[in-house]
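# A look at the structure
One letter stands for each residue in the lines below.
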Amino acid sequence: MRIILIGPPGAGKGTQAGRIVDSYRLAHLSTGDILRVAVEAKSDFGLLAEKYMLSGQFVPDNVIIDIISERLVSPDCQNGFLLDGFPRNLPQVSALDEMLQSNGTPLDVVIELRVPDQELYRRLSVRGRADDKNDVIRNRLSDYAKQTEPLLKHYDKQSLLKTIDGQGDVITIFERIKKTLDKFI
Ligand code: AMP
């Protein structure tokens, strides 16, 4: 199964992604996690990424696209994968479409986790990650609205989009996701 999980910061993507990849034995490709590991390791690209991440800005597309194109052809992705945090804008969507086409691995489904803004602010302000400061949260939510929401239209046109209510407890939300994903196995 090949899935994209889309949702604003604070929607619970990371938590649900973990459950999905365990249940369906998929590779978990989280660009945020990959970047945070690089930042921690203080690699050249980690140091570059850190500047953008701390201010809540997108890391440049070419960096992100290179990471993903390398990972998609690695052995652990051959039985399916879940993309979490990528693509995040239309140039990344085009790059992904090309990669998947040339690898002969079309997507099965795009899951959108939908949570109202008010609830996102509340969740993010108690999470306390380095990029969860108030003004940074505002940046990240407005980037999502401007850059990521158009993706939903793109995938809806391809009849790939399934929107899931991201409010409620973790288990209830996962049950909703499972109901959708079980149709693709
Ligand atoms: P996340 O954990 O997905 O919220 O990502 C944390 C941060 O990593 C974001 O605020 C961006 O700075 C950066 N990042 C993660 N994924 C991407 C992406 N696909 N494109 C650009 N920047 C990204």
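Predicted, not measured: the structure shown is a model, and the values here were computed from it.

A tally of regular secondary structure across the chain gives 8 helices and 5 strands. Ordering the α and β elements of the chain from the N terminus gives β-α-β-α-α-α-β-α-β-α-α-β-α. What you see for the chain is a C-alpha radius of gyration of 16 Å, in line with the 16 Å of a compact globule of 185 residues. Counting only C-alpha atoms and orienting by the principal axes, one finds that the chain spans roughly 40 × 40 × 30 Å. Residues counted as buried form 46% of the 185 residues belonging to the chain.

Direction vectors running N to C along helix α4 (residues 61-72) and helix α5 (residues 90-103) enclose 20 degrees, while the axes themselves pass 11 Å from each other. Here α4 lies roughly parallel to α5, going by the angle between them. Crossing angle aside, the handedness with which α4 passes α5 is right-handed. Contacts from D61, I64, I65, I68, S69 and L72 of α4 reach α5 at P91, Q92, A95, L96, M99, L100 and N103. Residue composition of the contact of α4 with α5, by class: 9 nonpolar, 3 polar and 1 charged.

As a further point, take the packing of helix α2 (residues 31-41) against helix α3 (residues 44-54). Remark: α2 packs on α3, axes separated minimally by 8 Å, with the N-to-C direction vectors making an angle of 115 degrees. Viewed along their axes, α2 and α3 form a crossing whose handedness is left-handed. Contacts between α2 and α3 involve G32, L35, R36, A38 and V39 from the first element and F45, G46, A49, E50 and M53 from the second. When its residues are assigned to classes, the contact of α2 with α3 shows 6 nonpolar, 2 polar and 2 charged.

Now for the pattern of salt bridges. Scanning all chains against the criterion turns up 11 salt bridges. R129 serves as the salt-bridge partner of D131, at 2.9 Å between the closest nitrogen and oxygen. On the basis of relative accessibility, which here comes to 29%, the residue R129 falls in the partly exposed class. A salt bridge links D132 to R140; its shortest N-O distance comes to 3.0 Å. Classification of R140 as buried rests on a relative accessible area of 10%.

Further remarks concern the sheet that holds strand β2 (residues 27-30). One open sheet accounts for 5 strands, arranged β2-β3-β1-β4-β5; its pairing is parallel. Pairing within the sheet leaves two strands with one partner each, and these edge strands are β2 and β5 (161-165). Taking each pair of neighbouring strands and ignoring which way they run, the sheet shows an average axis angle of 20 degrees. Two strands pair when backbone bridges link them, and strand β1 (residues 2-6) and strand β3 (residues 81-84) are joined in this way by 4 bridges, in the parallel orientation. Counted as the bridge partner of I4 is L83 from β3.

This next bit is on the pairing of β1. Put simply, side chains in a regular strand alternate between the two faces of the sheet. A large share of β1 lies buried, amounting to 5 of its 5 residues. Neither face of β1 is left uncovered, since the one carrying R2, I4 and I6 and the one carrying I3 and L5 both have all their residues buried. Where β1 and strand β4 (residues 109-114) come together, 4 bridges link them in parallel fashion. When the bridges of β4 are listed, I6 appears paired with E112.

It is worth spelling out helix α8 (residues 170-181) at this point. Across its 12 residues, α8 extends 16 Å between first and last C-alpha, which sits within 8% of the 16 Å expected from 1.5 Å per residue. Among all positions in α8, only I173, F174, I177, T180 and L181 are buried. Down the axis of α8, the buried side of the element spans an arc of 115 degrees, and every buried residue falls inside it. Opposite the packed face of α8, turned more than 90 degrees from it, sit the exposed residues I171 and K179. Structurally, α8 contributes buried residues whose contacts are with β1, α1 (13-24), β4 and β5.

Conventions we followed
Residues numbered from 1 in each chain as written. Predicted model: local features only at pLDDT ≥ 70, side-chain atom pairs only at ≥ 80, totals over all residues. Heavy atoms only, no water. Helix = DSSP H or I, 4+ residues; strand = E, 2+ residues; numbered from the N terminus. Rg over C-alpha atoms; globule rule 2.2 N^0.38 Å. Buried < 20%, exposed > 50% of the residue type's maximum accessible area, 1.4 Å probe, protein only. Axes fitted to C-alpha atoms, helices over the stretch in contact; angles between N-to-C directions. Parallel < 35°, antiparallel > 145°, perpendicular 65-115°, else oblique. Left-handed = near helix turned anticlockwise from the far one by under 90°. Contact = heavy atoms within 4.5 Å. Nonpolar A, V, L, I, M, F, W, Y, C, P; charged D, E, K, R; others polar. Salt bridge = Lys/Arg side-chain N within 4 Å of Asp/Glu carboxyl O. Pairing = 2+ DSSP bridges. Expected span 1.5 Å × (residues − 1). Arc of directions from axis to C-beta.

That is the geometry; function is a separate question.
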